[in-house]
Amino acid sequence: PASIVPLVYLLKETKDVPVASTRDQCGEIWNTVCSRAVWQPMGFVYLYNVLQVGNAAWKQFLKTVLGFTSNQLNTLLIVAYVLLW
């Protein structure tokens, strides 16, 4: 941690920097998303969340073996939906 302290100087924020137009910013975002290193993980996360289907066997396992209550399962579901939004 002490070796990081000198690097704080490099985090100096420059002021009065010209801001790119919205069109340029959107173009840069689009170019980034078109990169294979970006769209492949994004596609995986999207498909994983779309195809994740809850079923009765999984809920029964969570309740009987792991001891989750219905209230805890509902709370986990709500948190998951909020974080995925």
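From a predicted model like this one, the values you see are computed outputs, not experimental measurements.

Calculation notes
Residues numbered from 1 in each chain as written. Predicted model: local features only at pLDDT ≥ 70, side-chain atom pairs only at ≥ 80, totals over all residues. Heavy atoms only, no water. Helix = DSSP H or I, 4+ residues; strand = E, 2+ residues; numbered from the N terminus. Expected span 1.5 Å × (residues − 1). Buried < 20%, exposed > 50% of the residue type's maximum accessible area, 1.4 Å probe, protein only. 1 Å grid on protein atoms, 1.4 Å probe; cavity = no way out; pocket = protein on both sides within 12 Å on 5 of 7 lines; lining within 4 Å. Points joined across faces, edges and corners; volume = space filled by probe spheres on them. Nonpolar A, V, L, I, M, F, W, Y, C, P; charged D, E, K, R; others polar. Patch = residues over 30% accessible without salt bridge, like charges linked within 9 Å, V, L, I, M, F, W, Y side chains within 5 Å. Areas by Shrake-Rupley, 256 points an atom, 1.4 Å probe, with all protein chains shown as cover. Salt bridge = Lys/Arg side-chain N within 4 Å of Asp/Glu carboxyl O.

**Examining helix 1 (residues 22-33)**
The end-to-end C-alpha distance of helix 1, which contains 12 residues, comes to 16 Å, matching closely the 16 Å that a straight helix rising 1.5 Å per residue would cover. Burial analysis of helix 1 places just 0 of its 12 residues in the buried class, which makes it a mostly uncovered element.

**Examining the layout of surface pockets**
Size it by volume and the largest pocket reaches roughly 630 Å³. Where the lining of the largest pocket is concerned, the elements lending two or more residues are helix 3 (56-64) and helix 4 (70-84). Broken down by element, the residue count for the lining of the largest pocket peaks at 8 residues, all from helix 4. Looking at the lining of the largest pocket residue by residue, the classes come out as 9 nonpolar, 5 polar and 2 charged.

**Observations concerning a nonpolar patch on the surface**
A surface patch of nonpolar side chains, amounting to about 490 Å² of accessible area, comprises Ile4, Leu7, Tyr9 and Leu10. The exposure class assigned to Tyr9 is exposed, which follows from its relative accessible area of 64%.

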